[in-house]
Amino acid sequence: MSVKYISKDDNNLRGKRMLNLAKYLYPFNRSLMGPDIRYSLQKFVSLNSEFNFIKFNTGEKVFDWEIPEEWVIRDAYIEHESGKRFAEFKKCNLHLMGYSIPVNKIMPKSELIKKILTIPEKPSAIPYITSYYQKNWGFCLSQNQLLDLPEGNYKVVIDSEHRSGELNIIESIIPGKLKKEIFFSSYLCHPSMANNELSGPVLLNEILNYVKSLEDRKYTYRFVILPETIGSIAYLSKKYKLLKELMLCGFNLSCVGDERSYSHVKSRLGDNLADRALSSSINGLKNSTTFSYLDRGSDERQYCAPGIDLPVCTFCRTKFGSFPEYHTSEDNFNLVTADGLKGSFIIMRNIINAFEIGLYPQINVLGEPQLGKRGLYPNTSNCHNGIKEAAIRMNVISYCDSKHSIFDIAKNINVNLSFVLKEIADLKNNCLINTKDFI
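A brief look at the structure comes next. Just so we're clear, the structure is a prediction, and the values are computed from it rather than from any experiment.

## As for the overall build of the chain
Along the chain, the regular secondary structure elements total 12 helices and 18 strands. For the chain, whose C-alpha radius of gyration is 25 Å, the value lies close to the compact-globule estimate of 22 Å for 439 residues. The contacts of the chain with a sequence gap of at least 6 include a subset with a gap of at least 24, amounting to 81%. Accessible surface, the chain: about 18,500 Å² in total, of which carbon and sulfur atoms supply 49%. Separation of charge centres in the chain, based on 55 positive and 48 negative side chains, amounts to 4 Å.

In structure tokens form, the structure reads like this:
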């Protein structure tokens with residue numbers, strides 16, 4: 001396979017498509033389990049029929065954890081004695097602490113405010129709070145909304161239910177000639193937050209679309225969307241031995257929709273194939289940052305846990321917990337953009353292309369090749385851009401020894417993966433190199 005060319009217009013279309021899907025899914029009150037996460041997952045199944053459901057029942061043991069009860073919420077609010085309502089769940093689902101137990105009582109403001117959570121340093125933001133594994137209840141308001149609560153008594157209503165149910169995961173396997181797999185994972189378990197919740201799954205869905213478009217695929221690709229933490233633990237409890245056998249490398253996708261940065265959260269050991277791939281794909285980009293595994297916070301914790309140790313790392317734009325809108329109502333579509341999503345897609349597309357073109361290039365001639373006769377060297381000595389491109393080309397060639405991967409070459413010559421991919425494609429088209437998939 002040669003590198004698949006994607007036009008600027010096509011990239012823009014993909015960015016808009018991802019953004020529109022995120023906006024469609026934004027209002028639903030997703031949680032670990034329940035009707036809205038099932039509906040959201042079903043939306044991805046409707047877009048790509050290759051997805052299949054994997055189900056775990058309440059009470060089922062998964063490693064050291066147990067699948068919790070399903071949460072159903074119908075309505076919630078606090079109502080002042082005057083009849084005015086505040087913290088209405090139907091107006092903003094972040095107003096209610098996730099997994100809140102049922103409540104129907106009258107209480108004075110002095111007692112009520114003990115059950116209201118705010119972010120004083122962000123007075124206009126509503127926080128996102130959950131209590132999955134401890135029976136509790138609470139409401140979330142902005143600090144400004146809290147200050148506007150009048151004195152008096154309040155009726156507190158939470159019409160919710162905890163019941164036995166199912167934890168749902170969707171998985172898609174797109175086969176290639178080789179059984180070895182490239183793995184992509186993202187989580188879907190938060191309510192109305194655009195970057196921390198929806199950017200990862202919509203990017204994963206677009207990567208799946210791209211992989212399906214590749215003719216004569218070499219590798220097999222596995223995609224999973226699941227509830228964070230408990231979902232990846234449950235999935236691994238059923239699949240980890242198979243994944244250890246088949247996975248070549250994998251990427252956890254989280255918070256990939258903003259335009260501020262590119263981030264690599266390393267695996268536990270920090271130098272697996274996924275680490276090298278992602279490092280090369282964000283190398284040299286504006287505001288690219290690498291984080292230690294000690295800065296982990298998403299499902300890389302499970303995929304890289306001792307005894308599991310899958311070759312997985314995490315890709316973000318601005319890393320979870322590092323942007324001011326994180327876990328608040330301000331994580332919306334002022335933050336997540338089509339261009340942000342498009343940039344993330346390009347990072348992952350380049351990594352896929354590196355695998356598909358042949359990961360380990362080998363030069364076919366002894367000594368330095370004569371590039372001029374192949375039209376691969378500038379004809380005039382004052383052609384600045386041509387000289388610069390030729391220097392990159394010669395540096396790429398110098399590591400085409402079948403022992404250095406395309407990712408290693410990008411690191412060694414300190415250029416972005418996209419430049420190396422272009423050179424490898426040109427050299428291959430001119431019969432100067434062969435490529436192979438494994439050392």
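## Looking at the nonpolar core
By size, the foremost hydrophobic cluster in this structure holds 141 residues, and its most contacted members are Phe184 and Phe251. A total of 10 residues in this core trace back to one element, the largest contributor, which is helix 9 (residues 338-357). Dropping the residues within four chain positions of it, Phe184 is found in contact with Leu204, Ile207, Tyr221, Arg222, Phe223, Val224, Phe251, Leu253, Met348 and Ile352.

## Section: the pattern of salt bridges
Here the idea is simple: oppositely charged side chains can pair when their charged atoms come close. Enumeration according to the criterion identifies 31 salt bridges in this entry. Between Glu69 and Lys135 there is a salt bridge whose closest N-O contact spans 3.1 Å. Residue Glu69 is found in the loop between strand 3 (65-66) and strand 4 (70-80), and its partner Lys135 is found in the loop between strand 7 (116-117) and strand 8 (139-140); the two are separated by 66 residues along the sequence. Relative accessible area serves as the criterion here: at 30%, Glu69 is assigned to the partly exposed category. Judged by its relative accessible area of 55%, Lys135 falls in the exposed class. Between Arg74 and Glu161 there is a salt bridge, with its nearest N and O atoms 3.3 Å apart. Of this pair, Arg74 sits in strand 4 while Glu161 sits in strand 9 (residues 153-163), placing them 87 residues apart in sequence. What makes Arg74 partly exposed here is its relative accessible area of 40%. Through salt bridges with shared partners, one network takes in Arg38, Glu70, Arg74, Asp159, Glu161 and Arg163.

## Quick look at the packing of helix 5 (residues 194-213) against helix 9
Contact pair helix 5 / helix 9: the axes reach a minimum separation of 10 Å and the direction vectors enclose 45 degrees. Between helix 5 and helix 9, the interaxial angle falls into the category oblique. Of the two elements, helix 5 crosses helix 9, and the hand of that crossing is right-handed. Within the contact between the two elements, helix 5 uses Ser199, Val202, Leu203, Glu206, Ile207, Tyr210 and Val211 and helix 9 uses Leu341, Ser344, Phe345, Met348, Arg349, Ile352 and Asn353.

## Comments concerning the packing of helix 1 (residues 8-25) against helix 9
When two helices pack together, their arrangement is captured by the angle between the axes and the distance separating the axes. Running from N to C, helix 1 and helix 9 point in directions that differ by 115 degrees, and their axes come no closer than 8 Å. Of the two elements, helix 1 crosses helix 9, and the hand of that crossing is right-handed. Counted together, Asn11, Asn12, Arg14, Gly15, Lys16, Met18 and Leu19 of helix 1 and Ala338, Leu341, Lys342, Phe345, Ile346 and Arg349 of helix 9 form the full contact between these two elements.

## Concerning unusual backbone geometry
The phi dihedral of Ala87 is positive, around 50 degrees, even though this residue is not glycine. Relative to the assigned elements, Ala87 resides in the loop between strand 5 (85-86) and strand 6 (103-108). Take Ala87: its relative accessible area is 6%, and that puts it in the buried class. In the Ramachandran plot, Asp309 falls in the positive-phi region, its phi being about 45 degrees despite a non-glycine side chain. Within the element layout of this structure, Asp309 appears in the loop between helix 8 (300-303) and strand 16 (312-316). Note on Asp309: relative accessible area 32%, which makes it partly exposed.

## Some details on the state of the cysteines
Across all of its chains, the model carries zero disulfides by this definition. For Cys255, which is in no disulfide, the shortest distance to another cysteine sulfur is to Cys316 and amounts to 5.5 Å. Left without a disulfide partner, Cys400 is nearest to the cysteine sulfur of Cys431, which lies 14 Å away.

## Structural notes on the sheet that holds strand 9
Judged by pairing direction, the sheet is antiparallel, and its four strands sit side by side in the order 5-4-9-6 without closing on themselves. At either end of the open sheet lies a strand with only one pairing partner, and these are strand 5 and strand 6. Relative to strand 9, strand 4 runs antiparallel, the two sharing 10 bridges. Its bridge partner being in strand 9, His80 is matched across the sheet by Tyr154.

## Side note on the sheet that holds strand 1 (residues 52-57)
Read from one edge to the other, the open sheet built from eight strands follows the order 1-10-12-11-13-16-14-15, with strand pairing classed as mixed. Only two strands of the sheet have a single partner each, and these edge strands are strand 1 and strand 15 (288-291). Strand-to-strand, the axes of this sheet are offset by a mean angle of 20 degrees, without reference to chain direction. Pairing of strand 11 (residues 181-187) with strand 13 (residues 247-253), which is carried by six bridges, proceeds in the parallel orientation. By the bridge assignment for strand 13, Phe183 is matched with Gly250. Lying over the sheet, helix 2 (residues 35-47) contacts strand 1, strand 10 (166-174) and strand 12 (220-226), oriented at roughly 15 degrees with respect to strand 10.

## Structural notes on the pairing of strand 12
Burial of strand 12 is extensive: seven of the seven residues sit out of reach of the surface. Side chains of strand 12 alternate between two faces, with Thr220, Arg222, Val224 and Leu226 and Tyr221, Phe223 and Ile225 buried alike. Taken together, the five bridges between strand 10 and strand 12 define a ladder with antiparallel strand orientation. Looking across to strand 12, one finds that Ser172 is bridged to Phe223.

About the criteria used
- Residues numbered from 1 in each chain as written.
- Predicted model: local features only at pLDDT ≥ 70, side-chain atom pairs only at ≥ 80, totals over all residues.
- Heavy atoms only, no water.
- Helix = DSSP H or I, 4+ residues; strand = E, 2+ residues; numbered from the N terminus.
- Rg over C-alpha atoms; globule rule 2.2 N^0.38 Å.
- Contact = heavy atoms within 4.5 Å.
- Areas by Shrake-Rupley, 256 points an atom, 1.4 Å probe, with all protein chains shown as cover.
- Lys, Arg positive; Asp, Glu negative; His and termini not counted.
- Charge placed at Lys NZ, Arg CZ, Asp CG, Glu CD.
- Core = buried A, V, L, I, M, F, W, Y, C linked by side-chain atoms within 4.5 Å.
- Buried < 20%, exposed > 50% of the residue type's maximum accessible area, 1.4 Å probe, protein only.
- Salt bridge = Lys/Arg side-chain N within 4 Å of Asp/Glu carboxyl O.
- Axes fitted to C-alpha atoms, helices over the stretch in contact; angles between N-to-C directions.
- Parallel < 35°, antiparallel > 145°, perpendicular 65-115°, else oblique.
- Left-handed = near helix turned anticlockwise from the far one by under 90°.
- Disulfide = S-S within 2.5 Å.
- Pairing = 2+ DSSP bridges.

These results come straight from atomic positions and should not be treated as a statement about function.
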